[in-house]
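# Structural description and commentary
Here is what each chain is made of, one letter per residue.
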Amino acid sequence: MFVEFQGGLEIGVFNMRSFAKMAVVAAALTVATSGTALAQPEAINITISPKFAHQVEKLGEREVDDQIADLTRELNRTLERRGALQGATLDLVITDLKPNRPTMQQMVDRPGLDPIRSLSVGGAAFEGTVTTADGVKHNVKYDYYSPTIYDSLGSATWADANRAYLRFATNL
C-alpha cells in the first residue's frame, strides 16, 4: 500500500518497507545510546524556607511549584551533561524568588498590574548541602538578581530566576 503526499515542490512516496527500515534504525540508535550511563545525582531535594513560605501565597503556589520543578530540571540537565556529582545528594532550600513580571496570582490580587508593562528586577536565592557519593558534605549558597532594571527588559516572568538556576548548576 502506498501513501502519497505532496508538500512544497517535492512529491514523496513512502511505503511500509521504508517506514519499517526507519523504525529499525531508530530502535538500534535507542539501544546503542541507552547503554551509556550518564552521570546523575542520586537525589535532588528542594524545599521552601520558613521565612519565604509567607511569600508563596502572594506569588502563587502553582508558580512556586513550577519554579521548584524548573530548578530540579536544570540541575539534572546540567549535571548530567557535565558528568558531575554522580551519586551525590543535593538538599536545597529556596530562600527567595523574585519574578521579572507579575505572576498570575499577583495579577488576580492586584488587577492594576499589567502583565506586559509591569517589570521588576527578578532573581532567586537558595542554600543547602551537597553530599557527594563518598559522604562528604559541602555547604552551598547562591543568589542572583539582575543588576539593573534594564537587564530585565523583554524578559519572561521568571527569566532572572531561570538564569540563577543555570548559573548555580554550572558552578556546582
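The rules behind these values
- Residues numbered from 1 in each chain as written.
- Predicted model: local features only at pLDDT ≥ 70, side-chain atom pairs only at ≥ 80, totals over all residues.
- Heavy atoms only, no water.
- Helix = DSSP H or I, 4+ residues; strand = E, 2+ residues; numbered from the N terminus.
- Buried < 20%, exposed > 50% of the residue type's maximum accessible area, 1.4 Å probe, protein only.
- pLDDT = per-residue confidence, 0-100.
- Contact = heavy atoms within 4.5 Å.
- Expected span 1.5 Å × (residues − 1).
- Phe/Tyr/Trp six-rings, centres within 6.5 Å; stacked < 30°, edge-to-face > 60°.
- Arc of directions from axis to C-beta.
- Pairing = 2+ DSSP bridges.

### Quick notes on the overall build of the chain
Counting its secondary structure elements, the chain contains 5 helices and 6 strands. Put simply, the chain runs from its N terminus to its C terminus through helices and strands in the order β-β-α-β-α-α-β-α-β-β-α. Residues counted as buried form 32% of the 172 residues belonging to the chain.

### Overview of the confidence of the model for the chain
Where the model shows low pLDDT, its predicted coordinates should not be examined in detail. For the chain, per-residue confidence averages 82 on the pLDDT scale, and 77% of positions sit at 70 or higher. This stretch, residues 1-16, has a pLDDT under 50; its non-local contacts, to residues over four places away or in other chains, come to 16 contacts. This model gives residues 28-37 a pLDDT under 50, and the stretch forms 0 contacts once residues within four places in sequence are excluded.

### Details of helix α5 (residues 159-171)
Compared with the 18 Å implied by 1.5 Å per residue over 13 residues, the 18 Å span of α5 between its first and last C-alpha is a close match. Turning to α5, its buried residues number three or more, namely D160, A161, A164, Y165, F168 and A169. On its buried side, α5 packs onto α3 (61-82), β4 (89-98), β5 (123-131) and β6 (137-145).

### Examining the environment of A133
When you line up the elements, A133 lands in the loop between β5 and β6. Beyond its immediate sequence surroundings of up to four residues, A133 is in contact with Q86, G87 and A88.

### Let's talk about the packing of aromatic side chains
A complete count under the given rule lists 4 aromatic pairs for this structure. Aromatic side chains F126 and F168 sit 4.8 Å apart centroid to centroid with 75° between the ring planes, which places their arrangement in the edge-to-face category. A residue pair is termed long-range when its members are at least 10 positions apart, and F126 in strand β5 and F168 in helix α5 qualify at 42 residues. Each member of the pair, F126 as well as F168, carries the same accessibility label: buried. A ring pair is formed by Y142 and F168, whose centres lie 5.8 Å apart and whose planes are at 45°; its orientation type is tilted. Here the residue Y142 occupies a position in strand β6, and F168 occupies one in helix α5, the gap between them amounting to 26 residues. In this pair, the class of Y142 matches that of F168, namely buried. One aromatic cluster is present, built from ring pairs that chain together F126, Y142, Y165 and F168.

### Quick word on helix α2 (residues 50-59)
Structural remark: α-helix, 3.6 residues per turn; residues separated by three or four positions point the same way. Looking at α2, one finds that the buried residues are F52, V56 and L59. Buried residues of α2, seen end-on, are gathered within an arc of 80° and therefore sit on one face of the element. Of the exposed residues in α2, those oriented more than 90 degrees away from the buried face are P50, K51, H54 and E57. Buried residues in α2 make contact with β3 (43-48), α3, β4 and α4 (104-109). The first or second residue beyond α2 is G60, which carries a positive phi of 110°.

### Thoughts on the pairing of β6
Where β5 lies against β6, 9 bridges are found, and the strand directions are antiparallel. Bridge pairing in β6 links F126 to Y142. Between β5 and the antiparallel strand that follows it, β6, lie 5 residues; G135 among them carries a positive phi value of about 95°.

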